[in-house]
Amino acid sequence: MDFSEDVSLPFSQDRKLEGLSDDDDDDDGDGSTASKNHGYISPSAELLEVDVEVEDVDVQEDQTTDSVVIHAREYQLEMFEQSLKRNIIVAMETGTGKTQVAILRIQAELERSPSDKIIWFLAPTVALCEQQTRALKSQIPGVQIKFIRGAEGIDTWSDDRTWDDYLKNVRVVVSTYQILLDASNHAFVRFERLSLIVFDEAHNCVGKHPGSKFMARYHARKAQGLPIPSILGLTASPIMKSKPDDIELIEQTLDAVCKSPSIHREELMSIMNRPSLHYVPYSDSDSTLFTYTIRNLATVYHELNIYHDPYIIRLRADGSERSQVALKKALGEKDTYVFRQMRSLCNKSLELQKQLGPWAADHYISVTVARFLKSFEDNDEWFHEWDIEEKQYLSRALEKVKISPPPSFEDDTVVMYLSNKFIALVQELSHSDDNTIGIIFAREIATVSVLAHMLSVHPLTRDRFRVGAMIGTSTYTGRKRDIGSFNKTRGYQDLEGFKNGTLNLLVATSVLEEGIDVPACNMVVCFDLPDNLKAFIQRRGRARMRESKLVMLMNKPTYQVGEWILLEEEMKRRYEDDLRQIQELAKLEESEQPEVEPLYIPETGAHIDFDQAKSHLEHFCRQLSARQYADSRPYYIFERTETSLGELPQITATVVLPMSLPPKIRRVKGKEFWSSEKNASKDAALQAYKEIYKAHLLNSHLLPLRGEFLRSCQTRPGETEVYERWSPWTRVANAYSHATEFYQRRLRLVDQDGDSMCEFDASLPVPFPKVPDFEVFWDGSKPWRVETGDMKVISALELHADHGSALMDLAYGHRNLGIEDTAQVLHFRSPIQDIPFRQLAGQKSIEEVYPDGTVLIRDSNGNPYVLKTVMPVLDTALPVMEALQGEPKDVPWLMLEKLSRKRNFLLPIKNESNSSTPSKRRQIVMPAHLCRMDGIDASNVYFGAFIPSITHMVEIHLVASELCDTLLKDVGYSDISLVTTAINAPGTGEGTNYERIEFLGDTLLKLFTATTVSAEYPHYPEGYLDAAKTNIVSNSRLCHAAVKTGLDKFILKKGFKGKKWKPLYVRDLVNIDEDAVSTRPISTKTLADVVEALIGAAYLDGGLSKALTCIRVFIPEVEWRSLNISREILFNQTSMSTELPGPLAPLEELIGYSFHNKNLLIEAATHSSFILANATGSCMERLEFLGDAILDKIVVDAIWDFERDMEPREMHLFRTAAVNADILGFVGMEWAISQEATEIAEDKAIVETQTKLPFWSFMRHSSRDMGLLQQATVERHALERLPILDAIQDSKGYPWVELAHLHIPKFFSDFFESVLGAVWVDSGSMEVCAQVVKKAGIIPYLRRMLADGVDVLDPKSRLGILAGKYLQTVEYRNEVREATKGIRELFCKIFIDGELIVDVGGGVSPEEIQAKAAQMAHKILKAREDERNRKKEVMTTLMDDSMVA
């Protein structure tokens, strides 16, 4: 190092660089600000700090934490008694057990307050809340105690029901101050429900602290005579500054008086081990000599050209209003991130030289510069939040810094480079006791970090102390890391090490002064003097071991510490005097006190004031959309009005809101003039929030409406209890007794050749539904068919005797089903013959009539057989039953086939081929003389066997008819079979179910919902529309609709069980109560699916109008509109224009449609980032919301119209393949219009050529990042498009992996959908929209996929299916690793049952690399499966050959 006394620096040596605070830690100061947000309930509203101290209320010297019940001391009981009499603030030293007083008070309140009251425990930080919750639960286990934190998503709790449900039966709540303030402001937690509030660290409740704001509302209620809760404050430092009178302000704020033990003061003092105070003097070092490194750093900073700064370059290139405002400020104040970083580095280096000496400054500069340059070279994660241009700019500057490394501490000359202050500290530590456990407090973060390092390497301290550093614990993700920042995770680890004894010396900022849970120590060193009395008391409280000491390093005599001690004693005397009178303290936190009327909702009591409006406005804007590259933050434009000489200028502000909001509220101006920009912006924010409320974008709790829509989309149970399925037969049975007319249909049984086998008239005393012809499966041959004729009405006199029982007896009499000759619910009668009961089975002997196969044969037990052939004598090669072995062989024998034992003939016979030859296991031989023949044709017996199946078919159509005649009467279904399909759940075995038409109904419901909500809420941004749609179409809502309307009792969940079927006799059913209530469990998804299936059935039956009528039946609370009416409303909502901006003119030609209202196309092409000063129109988001539903409808129609009825799973896969964002983005890149262009040839001649304007290029935006991303995507597209095009044109597989690797941003597909939405609004024609989709190439590709059977299953699903076939688990692990030349690359490992199958790199996104890895893993697993199958075939062949041999 070398020094110079005369060096020109670009800043004053006596102050920091302009515009920079050295202390850039995150709120690690006095803790007076508990939140960066004021007003809305958000996770970021809490300081995320490390474990905070729960004071050991049964104080022991070792200060160990225990979970057992802690017992109160007498002075604590004294405080408890005082708290029962009035509101008090318990003021006791750190470590004396204030928490125990609170626990006693809470227990008493639980005893005396009603069960609906809540006790609320407030603490300033999350960590302190966690520890206080543990303390409360350990001692009050008998009640529900909940800790509410922002991380639980309470910012989405936007209605009373959510809060009421969460707090049901809860008696004690723990939270930070901000959460209670927000919940109270939004009227979710009402004052009358609170019985006691505990304020931990109550001294923070001053100024605009959330606790102070909450108490302002408390005082307002008290003044009105309204119920208010009791208050208990806890503090060790009841004043924030060194003025004893300030205690009065805290008492006024909390409506309480400060109390400390007086009766049992001696006991309290006996456990308070106050440290002895030691002063260590030192003389100031000469800080005017600057090292070579510092001078060189200053020169580099001085030579920086701000016009080369990337931030300035970007602002100058961007013509937006926002950018010009920022540019003016940045140039005027030299306020760019790089300049701030360089100033900070210089300032901190100077401060380190002053505090610790030149060694520290040069070490700090050396480490900081080296770390940044290495991070930049390695492209690691340390500075990943920085823009690459800024890193390049700063690295070029830092590379110019010439660094002279500091000498080793082993060098005898090192003392020249150390400050006297540091030397004094080292001497004090070196003379301390061997068992010293200490904390050193320093003001600056850099000082803490470097000081800890120096102590760990200095010869006098490195062997005596195990040193760590604690520099703060707040965490704000997404913020750029400073170049001189330190690893706070390491600080947390060091704190843990200090707690567990691994470290015995901790260097810390003021973060350790208050609340942090650290063990007691016997030395506290103030390297910098405490800033105020509170800091002095808190630091002193850390040294609470016996014979501990508080060391103050002082460079000159000071009376401040002595004054603090006197002030503390005066303060205690003041608040121990119960009779003193409170003096009014009027202290203005700011120069002006606003008197702006708040936004107040009398209905709920919700209230947003002047100070809360900005944070609420920012929260609202963030909720509008989660889209990338659209800056949703509001920004402010200030106007200054000059005043007379000597007076401050008056300022007014206009706030500019995101483009997704309606134009009329996008710019809002404040009402008043102010002296500060801060208040002017608050005024504008409050006025804007009022306008937003007037526009109905906030609920009555003054929170974004999105949560209002989503609150009913609750998690639904997997199953629910509903009514048992309605049976029509009880009503039918009862109708027989009084019916004068009957409804009859002719049923014809037709064989596989189309020949009629027999006919019967089926009759009912109620209207006979039209049952479509249906197949019956007698055996494995081709099915027969039951045909139903037209219905006719006959009189009761024309209804002759029922043949049903006789027919069933012929078919099932031998099976002991208890068939009786009595009326059944479905009446059958032969039109050509009489069929007496039990007189025709086995009526004739074989000897009487030669059997010809037209009748059934029966054995001696009445079992029926089909005659196959007559043998004059027995063929001895045929097997004979043992019971018939003694029968003569030379007499006629019959070969017979057993009659089917089925009762359900509606399903094909499994495991039989489509051959007409029945299984030989059903054939037997029997002597003819032991057999008899039926006296009726066999076809009648077959019909009798089909009666259970016929009855079931009639039953389900009666159920469907009842549904159509009651709940769905307005729909007017003409094809009842569509309804029977819609109410048939999967798994019934009916041969049909609702899944296909549910797929159609789902699309229709979303289409009508999207168009209806868009028309109903013209001012809603897309995020609100999506939430409204989600609320309407959610399964939980549809499930509720199914139950509410009574649809549940018509759903067919169980299929026809032939084996359990019994005859349905009228006499048995007339005594059953038709209104008897019974229930059954059913899947809630099934309930929702049936609603959508009925919508699909209505559409197939009568088009969109019937579908809409059906939707209105189930969701009547929505004011549904037809597509035409919704479209007309939407069209009229957009201002008319017949001109397009020049850049958009070719877009009409490209899509093949000319707009009547050009503004619709302009809106569709405008991204929400497009925020130029004259951009007063709307952005694409609402039209994209519409276009998504339109595209779905067009694609689903194309799938539905395909020549083959596809399985539901196929339909879902093909829809996904046609509408996913990757394929839409690719289409938008390929779809282009040619324009004439010119080029200069090699001979300098001008030649005409063609250039292509791709669809995506017409989207308007103002985002530099979007532009860079578009360009990068175009470059990837040029390299990777051909394989994708080949797959689209010819491949049998879908290019999932290739599309994923192309990694097209989602805004490409959003643009396509927005244009499609605009076409629909302008044309009102779904056909026109379909032509656009066709022209883009989506429909042709879909039709090719359908026709060629393209495999559209994605790789991950394919791998999962193959692994699941063998009950194997699949695990994906994504990793970022260094690949070639230090480039970091995304990898994916796939494990199957723990075995590593593939390890694939080169990923561009997690989704893409997983798809790529899954494709490779599937090939490996499939090869293994093929090899197993090949070996299995070989073994089978060998075994067969062996058996033959």
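Numbering of residues starts from 1 in each chain and follows the order in which that chain's sequence is written. In view of the model being predicted, local features appear only for residues whose pLDDT reaches at least 70, and side-chain atom pairs are presented and counted only at 80 or more, with totals across whole chains, interfaces and linings using the full set of residues. Hydrogens and water are ignored here; the side-chain numbers use all heavy atoms of the structure.

## Considering the overall build of the chain
Numbering of helices and strands runs from the N terminus; a helix is a DSSP stretch of H or I covering at least four residues, while a strand is a stretch of E covering at least two. Of regular secondary structure, the chain possesses 44 helices and 38 strands. Exposure is judged per residue with a 1.4 Å probe applied to protein chains only, and the accessible area is read against the type maximum: over 50% gives exposed, under 20% gives buried, and values in between give partly exposed. Within the chain, the fraction of its 1445 residues that count as buried is 54%. A sequence separation of at least 24 residues applies to 75% of the contacts in the chain between residues at least 6 apart. Only the protein chains shown count as cover for residues, with accessible areas throughout obtained via the Shrake-Rupley method and a probe of 1.4 Å. Looking at the chain as shown, the accessible area adds up to about 64,400 Å², and 50% of this sits on carbon and sulfur atoms. Only heavy atoms matter for contacts: two residues are in contact if any of them lie within 4.5 Å across the pair.

## What to know about the pairing of strand S33 (residues 1079-1083)
Because side chains alternate across S33, one face comprises the buried residues Arg 1080 and Ile 1082, and the other comprises Thr 1079, Pro 1081 and Ser 1083, none of which is buried. DSSP bridges decide pairing: two strands pair if at least two such bridges lie between them. With 5 bridges joining them, strand S21 (residues 719-723) and S33 adopt antiparallel strand pairing. Bridge pairing in S33 places Val 722 opposite Arg 1080.

## Looking at the environment of Phe 422
Secondary-structure assignment places Phe 422 in helix H15 (residues 420-430). Taking the C-alpha atoms as reference, Phe 422 lies 7.7 Å from Gly 357; in sequence the two are 65 residues apart. If near-sequence neighbours (up to four positions away) are discounted, Phe 422 is found in contact with Gln 355, Leu 356, Phe 409, Leu 451, Met 454, Leu 455 and His 458.

## Examining the packing of helix H27 (residues 995-1016) against helix H36 (residues 1208-1219)
All axes here are fitted lines through C-alpha atoms, helices being fitted over the stretch that makes contact, and every angle between N-to-C directions spans 0 to 180 degrees. In the contact formed by H27 and H36, the axes pass within 8 Å of each other and the chain directions differ by 35 degrees. Together, Glu 995, Arg 996, Phe 999, Asp 1002 and Thr 1003 of H27 and Pro 1208, Met 1211, His 1212 and Arg 1215 of H36 make up the contact between the two elements. Of the residues that constitute the contact of H27 with H36, the class distribution is 3 nonpolar, 2 polar and 4 charged. As a working rule, the residues Ala, Val, Leu, Ile, Met, Phe, Trp, Tyr, Cys and Pro are called nonpolar, Asp, Glu, Lys and Arg charged, and the rest polar, with Gly in that last group.

## Quick look at the packing of helix H10 (residues 310-317) against helix H14 (residues 388-398)
The relative placement of two packed helices is expressed as an angle between their axes plus a distance between the axes. At a minimum axis separation of 9 Å, H10 and H14 run at an interaxial angle of 135 degrees. Between H10 and H14, the angle is such that the two are oblique. Along the contact surface, H10 presents Pro 310, Tyr 311 and Arg 314, while H14 presents Glu 389, Glu 390 and Tyr 393. Class assignment for the residues of the contact of H10 with H14 results in 3 nonpolar, no polar and 3 charged. Small angles under 35 degrees read as roughly parallel and large ones over 145 as roughly antiparallel, with 65 to 115 read as roughly perpendicular and the rest as oblique.

## Here's the deal with the confidence of the model for the chain
Mean pLDDT over the chain stands at 83; residues scoring 70 or higher make up 85%. The lowest-confidence element of the chain is strand S1 (residues 3-4), averaging 40 in pLDDT; the highest-confidence one is helix H41 (residues 1326-1336), averaging 97. How sure the predictor is of each residue is captured by pLDDT, a score from 0 to 100. Taken as a whole, residues 1-71 scores under 50 in pLDDT and shows 222 contacts with residues more than four places along the chain or in a different chain. Considering only residues more than four positions removed or in separate chains, one finds that residues 473-478, a stretch of pLDDT under 50, has 16 contacts.

## Details of the pattern of salt bridges
In the sections that follow, a salt bridge refers to a side-chain nitrogen of Lys or Arg positioned within 4 Å of a carboxyl oxygen of Asp or Glu. Under the criterion given, the structure shown has 57 salt bridges. We note a salt bridge from Lys 222 to Asp 255, for which the minimum N-O separation is 2.9 Å. Of this pair, Lys 222 sits in helix H6 (residues 210-223) while Asp 255 sits in the loop between helix H7 (246-254) and strand S8 (257-259); the two residues are 33 residues apart in sequence, bridging distant segments of the chain. Here Lys 222 falls in the partly exposed class, since its relative accessible area comes to 40%. A relative accessible area of 22% means that Asp 255 is categorised as partly exposed. Across the pair Asp 1348 and Arg 1344 runs a salt bridge whose closest N-O atoms are separated by 2.9 Å.

## Overview of the sheet that holds strand S2 (residues 88-91)
If you walk across this open sheet you meet the 7 strands as S4-S5-S3-S6-S7-S2-S8, and the pairing is parallel. Two strands bound the open sheet, and with one partner strand each, they are strand S4 (144-147) and S8. Within this sheet the neighbouring strands show an average axis-to-axis angle of 20 degrees, counted without direction. Two elements, S2 and strand S7 (residues 230-235), share 4 bridges in a ladder whose sense is parallel. Within S7, the position partnered with Ile 88 by the bridge is Leu 232. Here H6 sits on the sheet in contact with strand S6 (194-199) and S7, set at roughly 150 degrees to S6.

## Notes on helix H24 (residues 804-812)
With respect to burial, H24 is a largely interior element, 9 of its 9 residues being buried. Among the residues of H24, those classed as buried are Gly 804, Ser 805, Ala 806, Leu 807, Met 808, Asp 809, Leu 810, Ala 811 and Tyr 812. For H24, the secondary structure elements touched by its buried residues are strand S23 (756-764), strand S26 (827-829), strand S28 (856-858) and helix H25 (938-965).

## Observations concerning the sheet that holds strand S19 (residues 650-656)
Strand pairing in a sheet relies on backbone hydrogen bonds. The paired strands run either parallel or antiparallel. Across the sheet, which stays open at both edges, the 3 strands sit in the order S18-S19-S20 with antiparallel pairing between neighbours. Strands at the two margins of the open sheet, each flanked by one partner only, are strand S18 (635-641) and strand S20 (667-669). Here the strands of the sheet are splayed against their neighbours by 25 degrees on average, with no regard to which way each runs. Both S18 and S19 contribute to a ladder of 7 bridges, which runs antiparallel. Residue pairing in the sheet places Arg 640 in a bridge with Ile 651 of S19. Where helix H21 (residues 677-694) meets the sheet, its contacts fall on S18, S19 and S20, and the angle it forms with S19 comes to roughly 40 degrees.

## A short note on unusual backbone geometry
Residue His 696 is not a glycine yet carries a positive backbone phi of 65 degrees. Relative to the helices and strands, His 696 resides in the loop between H21 and helix H22 (706-710). Positive phi, normally seen in glycine, also occurs at Asn 816, with a value near 55 degrees. Turning to its location among the elements, Asn 816 is positioned in the loop between H24 and S26. Asn 816 gets classed as exposed once you look at its relative accessible area, which sits at 71%.

## As for the environment of Val 1091
Looking at the element boundaries, Val 1091 is found in helix H31 (residues 1084-1114). Taking the C-alpha atoms as reference, Val 1091 lies 8.2 Å from Gly 1001; in sequence the two are 90 residues apart. In this structure Val 1091 touches Leu 1038, Ala 1042, Leu 1047 and Phe 1114, once residues within four positions along its chain are discounted.

## What to know about the pairing of S19
Along S19, 6 of the 7 residues are buried, which leaves the element largely enclosed by surrounding structure. Of the strand pairs in this sheet, S19 and S20 are connected by 3 bridges, and their pairing is antiparallel. Looking at S20, one finds that Val 656 is bridged to Arg 667.

## Topic: the packing of aromatic side chains
The criterion for an aromatic pair is that two Phe, Tyr or Trp rings (for Trp, the six-membered ring) have centres within 6.5 Å, with stacked assigned to planes under 30 degrees apart, edge-to-face to planes over 60 apart and tilted to the rest. Counted according to the given criterion, the structure contains 29 aromatic pairs. Here Trp 726 and Phe 1050 contribute two aromatic rings whose centre-to-centre distance is 6.3 Å and whose plane-to-plane angle is 55 degrees, an arrangement assigned as tilted. Within this pair, whereas Trp 726 is found in the loop between S21 and helix H23 (729-735), its partner Phe 1050 is found in the loop between helix H29 (1035-1045) and helix H30 (1066-1069), the two being separated by 324 residues in sequence. We note that Trp 726, like Phe 1050, is buried.

## A closer look at helix H5 (residues 177-185)
With 9 of 9 residues buried, H5 lies mostly within the body of the structure. Buried residues of H5: Tyr 177, Gln 178, Ile 179, Leu 180, Leu 181, Asp 182, Ala 183, Ser 184 and Asn 185, and no others. Of the surrounding secondary structure, the elements contacted by the buried residues of H5 are strand S3 (118-123), helix H4 (160-166), strand S5 (170-176), S6, H6 and strand S17 (606-608). In the stretch just after H5, Ala 187 is the one whose phi turns positive, near 60 degrees.

## Here's the deal with the side chain of Ser 195
Note that Ser 195 resides in strand S6. If near-sequence neighbours (up to four positions away) are discounted, Ser 195 is found in contact with Glu 109, Ser 113, Lys 117, Ile 118, Ile 119, Pro 229 and Ser 230.

## Here's the deal with the environment of Lys 1412
When you line up the elements, Lys 1412 lands in helix H44 (residues 1406-1444). Lys 1412 sits 11 residues away from Gly 1401 along the chain, and the two C-alpha atoms are 9.2 Å apart. Not counting residues within four places of it along the chain, the set of residues in contact with Lys 1412 comprises Val 1297, Val 1400 and Gly 1401. Here a polar contact means two N or O atoms within 3.5 Å. Within protein one must be a hydrogen donor candidate and the other an acceptor candidate, and residues neighboring in sequence count only if both atoms are side-chain atoms. Looking at Lys 1412, its side chain comes within polar contact range of the main-chain oxygen of Gly 1401, at 3.4 Å.

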